[in-house]
Amino acid sequence: MSVIPAESSYVLFFQVLFPFAVAGLGMVFAGLVLSIVVTWPLFEEIPEILILVPALLGLKGNLEMTLASRLSTLANLGHMDSSKQRKDVVIANLALVQVQATVVAFLASAFAAALAFIPSGDFDWAHGALMCASSLATACSASLVLSLLMVVVIVTSRKYNINPDNVATPIAASLGDLTTLTVLAFFGSVFLKAHNTESWLNVIVIVLFLLLLPFWIKIANENEGTQETLYNGWTPVIMSMLISSAGGFILETAVRRYHSLSTYGPVLNGVGGNLAAVQASRLSTYFHKAGTVGVLPNEWTVSRFTSVQRAFFSKEWDSRSARVLLLLVVPGHICFNFLIQLFTLTSKNNVTPHGPLFTSLYMIAAIIQVVILLFVCQLLVALLWKWKIDPDNSVIPYLTALGDLLGTGLLFIVFLTTDHFDPKELTSS
């Protein structure tokens, strides 16, 4: 029996289109929310919390999208067909996500504090406690909600014969940014009040989340599937957090100069990571069906995946998938940018850039980002498989983090270039 994905390019396109559109809408709203909350007292008084934003938004790649990819593979292999199988898999994976969320959020807040300390040489411990409490509360609560949603999506997709690889990761992205940003703004504002009155409350919150950690570890450790990730799945999670935090450092610098950049950041970053995650999930499922970890299918070698021509212009199924996903980039961004213009039309404080130069540069940046991510995706899946590392647990964190870093950097270049050649496009309403 052939393990090559059976759906045609048309089926792939239409299965991805709806969740991609929903994901884009979620990212548009996330960008609008970010452009509003950066003016709140939380971000005005503690600007370094902006460094946390890409790292926390990146949790959807670290945790929820990886969970979606992992569960999609299990569903496609028939390991979630009985109610007992579903129960065991779901409980263990939810516990694993809580472990990962707690550790990554704690490290992200520490890294953000270090990045904030470097330029000034001064560190406010109360600010550090506030960032850590906000980060932990945001990561753990948002991850729980989104993980439960992923379970529902994958079980429903399986029931109606829809390939969860095509649907789950885009839906994880659709609500990931918006949910995380909203929760961060809420908890951060609450903890800011505590910081100004009863600063010890932030320390209590941190201690409570850390005390729950052994409980989650115990549950995750009881399942063979999550046990492997619990012990050996930390490198991609932590590395991607560091990459995203580097993007956050760029974001903090860029937003100080161009406020409206915060509106476009989640959209550009999210679309690239979203499309690459779909490809990663499909490739990972194929490799699981086609062979054993450590041996590439069909006697392939890693060098096969270093060819740009093979990745984008060949007749192979993954090359065809890459072309279909690339076709969504420009029309998708045109629609999302139109929505941004529409929603900010009545806002006097949030003037969004528009004009032929900005739009052209923005589209070029979006295409460059997605081409790089799709190429890295197929190479990384093959490399990790060869190194006996499950790509379901490792590839998407790297891709979404790289998408954040590339997207933020390219977007900053777009704003700088537009500002140099036609600054009116950035300021005219």
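Further up the page is the structure itself.
None of the values given here were measured: they were computed from a predicted structure.

Caption draft 1: Region of interest: the packing of helix H13 (residues 317-327) against helix H15 (residues 356-386). Relative to each other, H13 and H15 sit at 160°, their axes nearing to 11 Å. Looking at the two axes, H13 sits roughly antiparallel to H15. Remark: the crossing between H13 and H15 carries right-handed chirality. Within the contact between the two elements, H13 uses Ala322, Leu325 and Leu326 and H15 uses Val370, Val371 and Leu374. Considering only residue class, the contact of H13 with H15 consists of six nonpolar, no polar and no charged.

Caption draft 2: Representation of the environment of Gly291. If you trace the backbone, Gly291 turns up in the loop between helix H11 (261-290) and helix H12 (308-313). C-alpha of Gly291 to C-alpha of Thr66: the two residues are 225 residues apart in sequence and 21 Å apart in space.

Caption draft 3: Up close: the pattern of salt bridges. Throughout the structure, instances matching the rule amount to six salt bridges. The partner of Asp88 in a salt bridge is Lys84, with the nearest N and O atoms 2.9 Å apart. Placement of both Asp88 and Lys84 in helix H5 (residues 83-120) is noted, with a separation of four residues, approximately one turn of the helix. Ionic pairing is found between Glu316 and Arg310, a salt bridge with its closest N-O pair at 3.0 Å. Members of the salt-bridge network, linked through shared partners, are Arg304, Arg310, Glu316 and Asp318.

Caption draft 4: Region of the structure containing the packing of helix H3 (residues 49-57) against helix H6 (residues 125-159). At their nearest, the axes of H3 and H6 sit 11 Å apart, and the two run at 25° to each other. On the basis of their axis angle, the class for H3 and H6 is roughly parallel. The interaxial crossing formed by H3 with H6 has right-handed handedness. On H6, the residues that touch Ile49, Leu52 and Leu56 of H3 are Leu130, Met131, Ser135, Thr138 and Ala139. For the contact of H3 with H6, the residue count by class is six nonpolar, two polar and no charged.

Caption draft 5: Main features of unusual backbone geometry. Although it is not a glycine, Glu299 sits at a positive phi angle of roughly 60°. Relative to the helices and strands, Glu299 resides in the loop between H11 and H12. For Lys388, which is not glycine, the phi torsion reads 65° and is therefore positive. When you line up the elements, Lys388 lands in the loop between H15 and helix H16 (391-421). The class for Lys388 is exposed, based on a relative accessible area of 63%.

Caption draft 6: Inspection of H11 at higher detail. Relative to the 44 Å expected for 30 residues at 1.5 Å per residue, H11 spans 43 Å between its end C-alpha atoms, a close match to the ideal helical length. Among the 30 residues in H11, 27 count as buried, and that is most of the element.

Caption draft 7: Looking closely at the packing of aromatic side chains. Counted by the stated rule, this structure contains 20 aromatic pairs. Measuring from centroid to centroid gives 5.8 Å for Phe187 and Phe191, while their planes differ by 15°, and the two rings are stacked. One end of the pair, Phe187, and the other, Phe191, are both in helix H7 (residues 164-197), four residues apart, so they sit about a helical turn from each other. Note on Phe191: relative accessible area 8%, which makes it buried. A connected cluster of aromatic rings, assembled from ring pairs, spans Tyr258, Tyr264, Phe358, Tyr362, Phe412 and Phe415.

Caption draft 8: Spatial organisation of the environment of Leu17. Among the structural elements, Leu17 can be located in helix H1 (residues 9-37). Residue classification places Leu17 among the partly exposed positions, given a relative accessible area of 31%. On a C-alpha basis, the gap between Leu17 and Phe209 in space is 38 Å, while along the polypeptide they are 192 residues apart.

Caption draft 9: Representation of a nonpolar patch on the surface in the model. Side chains of Trp200, Leu201, Val203, Ile204, Val207, Leu208 and Leu211 sit close together on the surface and give an oily, nonpolar patch of about 660 Å² of accessible area. Overall, the relative accessible area of 62% leaves Leu211 in the exposed class.

Caption draft 10: Expanded view of the nonpolar core. Grouped together as the largest cluster of nonpolar side chains are 131 residues, with contacts concentrated most on Val53, Leu261 and Phe287. It is H15 that provides the largest number of residues to this core, a total of 16 residues. Shared between two domains, this core holds at least three residues of each, these being domain 1 (1-39 + 259-428) and domain 2 (43-233). In contact with Phe287, other than residues within four places in its own chain, are Leu296, Pro297, Trp300, Phe305, Val381, Ala382 and Trp385.

Reading the values: rules and limits
Residues numbered from 1 in each chain as written. Predicted model: local features only at pLDDT ≥ 70, side-chain atom pairs only at ≥ 80, totals over all residues. Heavy atoms only, no water. Axes fitted to C-alpha atoms, helices over the stretch in contact; angles between N-to-C directions. Helix = DSSP H or I, 4+ residues; strand = E, 2+ residues; numbered from the N terminus. Parallel < 35°, antiparallel > 145°, perpendicular 65-115°, else oblique. Left-handed = near helix turned anticlockwise from the far one by under 90°. Contact = heavy atoms within 4.5 Å. Nonpolar A, V, L, I, M, F, W, Y, C, P; charged D, E, K, R; others polar. Salt bridge = Lys/Arg side-chain N within 4 Å of Asp/Glu carboxyl O. Buried < 20%, exposed > 50% of the residue type's maximum accessible area, 1.4 Å probe, protein only. Expected span 1.5 Å × (residues − 1). Phe/Tyr/Trp six-rings, centres within 6.5 Å; stacked < 30°, edge-to-face > 60°. Patch = residues over 30% accessible without salt bridge, like charges linked within 9 Å, V, L, I, M, F, W, Y side chains within 5 Å. Areas by Shrake-Rupley, 256 points an atom, 1.4 Å probe, with all protein chains shown as cover. Core = buried A, V, L, I, M, F, W, Y, C linked by side-chain atoms within 4.5 Å. Domains from an automatic or database assignment.

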